[in-house]
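Close look at the chain arrangement
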Amino acid sequence: MRRFTIVIHGGAGTILKSDMTPELEQAYVHGLQEALHAGYAVLEEGGSAVNAVKAAIVILEDNILFNAARGSVFTKKGVQEMDVAIMDGHSLEAGAVTGVRNVRNPIELAAEIMRNSNHVFLSGKGAGDFAIKQGIKLEPDEYFFSQFRYDQWKAIRDSDTYSLDHTNQELEELMKDKKFGTVGAVACDKEGNIAAATSTGGMTNKKYGRIGDSPIIGAGTYANNDTCGISCTGHGEMFIRAVAAHDVSCLMEYKGYSLQQACDEVVNKKLPALKGEGGMIAVDKDGNYAMVFNSAGMYRAARSSDGSEEIAIYK
């Protein structure tokens, strides 16, 4: 039987042990563990990689600690707008959403788009209308409210600053959570099929309908059975410019790189050349996985059918 594997992340950035209380650290570890085990259970029962990544992302979206769905950050207008993508490496089908509101689990909507819309990428009101048509569960604004995220936004809402929470010195004290809040999952199932998914609330105080890399196929999310599944987290603009997720696949396909070599090349050489910070999780068709980042930390976890399990936060 093939080795099957699932890998998840909950964002990267300046995540330091010195900034973390033992209680908060334990809450993050528990959140990662719960999502990891939910996705792994699907694979263990012979389920598809697509259903495994979806199951893991649902748990992370429901967890208020992570900047996706329920814990999403506030935009300039003081609302939550969510972006998400999912891709099936077997068929190369994909579903993506940007700027959607009030959808409890945007990953469910992305999966519906992939399977039932004849499209890949929907946005804003149209995506919301499709969610209603497909019977996707909606929630009121209050469901998505987090006091922690609100305080972050309140600190910068009267400025032109948007926050990736890790670089603005004058905001260091105001923005204690200096990380790129995105969640993601990649998996390889018993059949050797690969899938990837990424979900995010985007940037605090973002305006002009800004879209990051997460929902863009090939930039923040990509899956191909011939190579790998990738989910990225970081400064989205640089990941878009580097076409980061697809570039890993290309290095494997055309240059014969291993999964680890390809991820190292993109994260530790190509992205820094663009001043890009963050990381990615990856899996290949043999169940090998990589968790690579050039920031101080990345919330991450992996579990494989060979018995290995890893949950980590810091370098």
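First things first, this report covers the structure right here in the doc. Predicted model, so just to flag it, every value in this text is computed and none were measured. (Residues numbered from 1 in each chain as written. Predicted model: local features only at pLDDT ≥ 70, side-chain atom pairs only at ≥ 80, totals over all residues. Heavy atoms only, no water.)

Scanning the protein chain from terminus to terminus reveals 8 helices and 13 strands. For the protein chain, whose C-alpha radius of gyration is 18 Å, the value lies close to the compact-globule estimate of 20 Å for 315 residues. Its C-alpha atoms put the protein chain at 55 × 45 × 35 Å along the principal axes. Residue burial in the protein chain is summarised as follows: out of 315 residues, 59% are buried. (Helix = DSSP H or I, 4+ residues; strand = E, 2+ residues; numbered from the N terminus. Rg over C-alpha atoms; globule rule 2.2 N^0.38 Å. Buried < 20%, exposed > 50% of the residue type's maximum accessible area, 1.4 Å probe, protein only.)

For the rest of this paragraph, the subject is the packing of aromatic side chains. On inspection of all chains with the given rule, the structure shows 10 aromatic pairs. Taking the centre distance of 5.6 Å and the plane angle of 75° together, the rings of Phe74 and Tyr150 count as edge-to-face. In this pair, Phe74 sits in the loop between helix 2 (49-62) and strand 2 (82-88) while Tyr150 sits in helix 5 (residues 147-156), placing the two residues 76 residues apart along the sequence. In this structure Tyr150 comes out as partly exposed when scored by relative accessible area, which is 23%. The interplanar angle of 20° and the centroid separation of 5.5 Å between the aromatic rings of Phe74 and Trp153 together place this pair among those described as stacked. Taken as a pair, Phe74 in the loop between helix 2 and strand 2 and Trp153 in helix 5 lie far apart in primary sequence, 79 residues in all. (Phe/Tyr/Trp six-rings, centres within 6.5 Å; stacked < 30°, edge-to-face > 60°.)

Moving on, we get to the environment of Val100. Note that Val100 resides in strand 3 (residues 94-100). A residue is classified by how much of its surface remains accessible, and Val100, at 0% relative accessible area, is buried. Spatially, the C-alpha atom of Val100 lies 9.9 Å from that of Ala69, the residues being 31 residues apart in sequence. Beyond its immediate stretch of four places on either side in the chain, Val100 contacts Gln80, Glu81, Met82, Leu109, Gly124, Ala127 and Gly128. (Contact = heavy atoms within 4.5 Å.)

This model, assessed by the stated rule, comprises 12 salt bridges. With a closest N to O distance of 3.6 Å, Glu108 and Lys54 form a salt bridge. Placement of the pair is Glu108 in helix 3 (residues 106-116) and Lys54 in helix 2, with a sequence separation of 54 residues. Judged by relative accessible area, which is 16%, Lys54 ranks as buried. The partner of Arg101 in a salt bridge is Asp141, and the shortest N-O contact between them spans 3.1 Å. With Arg101 in the loop between strand 3 and helix 3 and Asp141 in the loop between helix 4 (124-133) and helix 5, this residue pair connects regions lying 40 residues apart in the sequence. (Salt bridge = Lys/Arg side-chain N within 4 Å of Asp/Glu carboxyl O.)

Of note in this structure, Leu92 is not a glycine but carries a positive phi near 60°. Mapping Leu92 onto the fold places it in the loop between strand 2 and strand 3. Although it is not a glycine, Tyr208 adopts a positive phi angle of roughly 60°. When you line up the elements, Tyr208 lands in the loop between strand 7 (194-200) and strand 8 (221-223).

Let us now look at the nonpolar core. Judged by nonpolar contacts, the single largest core of 50 residues is most densely connected at Ile6, Ile8, Ile86 and Leu109. The element that contributes the greatest number of residues to this core is helix 2, accounting for 8 residues. Of all hydrophobic cores here, the second largest spans 37 residues; its members include Cys188, Leu251, Leu271 and Met280. (Core = buried A, V, L, I, M, F, W, Y, C linked by side-chain atoms within 4.5 Å.)

Here we have 4 strands laid out as an open sheet, ordered 8-9-10-11, and antiparallel in their pairing. The open sheet has two edge strands, strand 8 and strand 11 (289-293), and neither has a second partner. Each strand axis lies, on average, 10° off the axis of its neighbour in the sheet, ignoring direction. Here 7 bridges tie strand 9 (residues 228-234) to strand 10 (residues 278-284), and the two strands are oriented antiparallel to one another. Within strand 10, the position partnered with Gly229 by the bridge is Val283. Strands strand 8, strand 9 and strand 10 of the sheet are contacted by helix 7 (residues 244-255), whose axis makes an angle of about 145° with strand 9. On top of the sheet, helix 8 (residues 259-273) reaches strand 9, strand 10 and strand 11; it is set at about 15° to strand 11, its chief contact. (Pairing = 2+ DSSP bridges. Axes fitted to C-alpha atoms, helices over the stretch in contact; angles between N-to-C directions.)

Glancing now at the environment of Val79. Within the fold, Val79 resides in the loop between helix 2 and strand 2. Since its relative accessible area comes to 17%, Val79 is described here as buried. In sequence terms Val79 and Asp141 are 62 residues apart; their C-alpha atoms lie 7.9 Å from each other. Residues within four places of Val79 in sequence aside, it is in contact with Val73, Phe74 and Arg101.

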